[in-house]
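Now for the letters of each chain:
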Amino acid sequence: MTFLTFWKDDCMTTLKQPGLLVMDVDSTLINEEVIDELGTAAGVGQRIAEVTAKAMNGELDFAQALAERVALLKGLPVSIFDQVHQSVHFTNGALELIQTLHEHGWKVGVVSGGFHEVVDLLVADAHLDFALANRLEQEHGVLTGRTTGPVVTKQIKLNSLHEWAQECGVPMQQTVAVGDGANDLPMIHAAGCGIAFCAKPTVRAQAPHRIEERNLMRVLDFLD
């Protein structure tokens, strides 16, 4: 199996200088899709998973698809977040990659179309530097079936990459973006090294680099 579609010297990004890695969460940092896990808990897992697959392949508008799926979660108790957190798993190599980058003076952030209620727990586990995700509206300890605040779209993901790079004083050449869904493509194209990770067909076809093995340590193969 070929894991890399280009030689690593196609990426000018180097581990020898400080940099910034920004990655997606669902099916990238972790193996699962959190909204699918929530859907299973709500008894609508199959319906949500079908919408998720279409949205990630770019067949549906992400914000519309998110609203449709979140509506199906109405009535779930907020205690479900701890349950889902315990049921998801970091992708092979994820924690090792984050530690290695930190040892080289890099910062690592995640930007997710998922939910802060679970992402924040993962951020603490993995000692991440930045995080942005959607928020689920709650009333009296249950989900209302709506989000609150701005929806994390592909534009928001792209903006986060630029804003965090600027905050870190890192040139775009020293940024890496990793994701698997269509809403990750703008930041993948904008980064100094953009990588599709075990991605949907649309994303694999358009990304400049890709990894087909579920091992995030392969990201280091692209860094000088």
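Residues numbered from 1 in each chain as written. Predicted model: local features only at pLDDT ≥ 70, side-chain atom pairs only at ≥ 80, totals over all residues. Heavy atoms only, no water.

### Focus: the packing of helix α5 (residues 80-87) against helix α7 (residues 116-126)
Where α5 contacts α7, the two axes come as close as 9 Å, and the packing angle between them is 45°. When the interaxial angle is binned, α5 and α7 end up oblique. Seen from above, α5 lies across α7 with right-handed handedness. For the pair α5 and α7, contact is made by Phe81, Asp82, Val84 and His85 and by Glu117, Val118, Leu121, Leu122 and Asp125, respectively. Taken together, the residues of the contact of α5 with α7 break down into five nonpolar, one polar and three charged. (Axes fitted to C-alpha atoms, helices over the stretch in contact; angles between N-to-C directions. Helix = DSSP H or I, 4+ residues; strand = E, 2+ residues; numbered from the N terminus. Parallel < 35°, antiparallel > 145°, perpendicular 65-115°, else oblique. Left-handed = near helix turned anticlockwise from the far one by under 90°. Contact = heavy atoms within 4.5 Å. Nonpolar A, V, L, I, M, F, W, Y, C, P; charged D, E, K, R; others polar.)

### Things to note about the pattern of salt bridges
A side chain of one charge can pair with a side chain of the opposite charge when the charged atoms of the two come close. Taken as a whole, this structure holds eight salt bridges when the rule is applied. Note that Lys157 and Asp184 form a salt bridge whose closest N and O atoms lie 2.6 Å from each other. Remark: Asp184 occurs in the loop between β5 (175-179) and α9 (185-190) and Lys157 occurs in helix α8 (residues 154-168); sequence separation between them is 27 residues. Neither Lys157 nor Asp184 differs from the other in exposure class; each is buried. A salt bridge links Arg204 to Glu212; its shortest N-O distance comes to 3.9 Å. Within the structure, one salt-bridge network assembled from shared partners comprises Asp24, Lys157 and Asp184. (Salt bridge = Lys/Arg side-chain N within 4 Å of Asp/Glu carboxyl O. Buried < 20%, exposed > 50% of the residue type's maximum accessible area, 1.4 Å probe, protein only.)

### Thoughts on the pairing of β5
Most of β5 sits out of view: five of its five residues are buried. Burial of the side chains of β5 extends over both faces: Thr175, Ala177 and Gly179 are buried on one face and Val176 and Val178 on the other. Sheet topology places strand β1 (residues 20-23) next to β5; four bridges connect them, and they run parallel. Counterpart to Leu20 in the pairing with β5 is Thr175. Both β5 and strand β6 (residues 193-197) contribute to a ladder of four bridges, which runs parallel. What sits directly across from Val178, in β6, is Ile195. Between β5 and its parallel partner β6, the chain crosses via α9, and the hand of that crossover is right-handed. (Pairing = 2+ DSSP bridges. Right-handed = clockwise from strand over helix to strand, strands pointing away.)

### Focus on the confidence of the model for the chain
Mean pLDDT over the chain: 92, with 96% of residues reaching 70 or higher. Every residue in residues 1-9 is under pLDDT 50, and counting partners more than four places away or in other chains gives 19 contacts. (pLDDT = per-residue confidence, 0-100.)

### A few points about the side chain of Asn134
By secondary structure assignment, the location of Asn134 is in strand β3 (residues 130-139). Since its relative accessible area comes to 1%, Asn134 is described here as buried. Only 2.8 Å separates the side chain of Asn134 from the backbone oxygen of Gly113, close enough to count as a polar contact. Of the polar contacts made by the side chain of Asn134, one reaches the backbone nitrogen of Val152; its length is 2.7 Å. Those residues in contact with Asn134, other than ones at most four positions away along the chain, are Leu66, Ser112, Gly113, Gly114, Phe115, His116, Glu117, Pro150, Val151 and Val152. (Polar contact = N/O pair within 3.5 Å; in protein donor to acceptor, adjacent residues only side chain to side chain.)

### Structural notes on unusual backbone geometry
In the Ramachandran plot, His127 falls in the positive-phi region, its phi being about 60° despite a non-glycine side chain. Position of His127 among the secondary structure elements: in the loop between α7 and β3. Unlike most non-glycine residues, Cys198 shows phi in positive territory, near 40°.

### Notes on helix α4 (residues 62-71)
Residues Phe62, Ala65, Leu66, Arg69 and Val70 constitute the buried set of α4. One face of α4 carries all of its buried residues, which in axial projection span an arc of 130°. On the buried face of α4, the contacting elements are α2 (34-42), α3 (45-56), β2 (107-115), β3 and β4 (142-148). Its side-chain oxygen 3.3 Å from the backbone nitrogen of Ala63, Asp61 forms the N-cap of α4. (Arc of directions from axis to C-beta.)

### Section: the nonpolar core
Formed by 53 residues in total, the largest nonpolar core has its most connected members in Leu21, Met23, Leu29, Leu38, Leu101, Val176 and Val178. Examining the composition of this core, we find that five residues originate from one element, α7, more than from any other. Non-local contacts of Leu101, meaning those with residues more than four positions away in its chain, are made with Leu15, Leu21, Trp106, Val108, Leu220 and Leu223. Among the nonpolar cores identified, the runner-up in size contains 17 residues, and Leu20, Trp164, Met187 and Ala199 belong to it. (Core = buried A, V, L, I, M, F, W, Y, C linked by side-chain atoms within 4.5 Å.)

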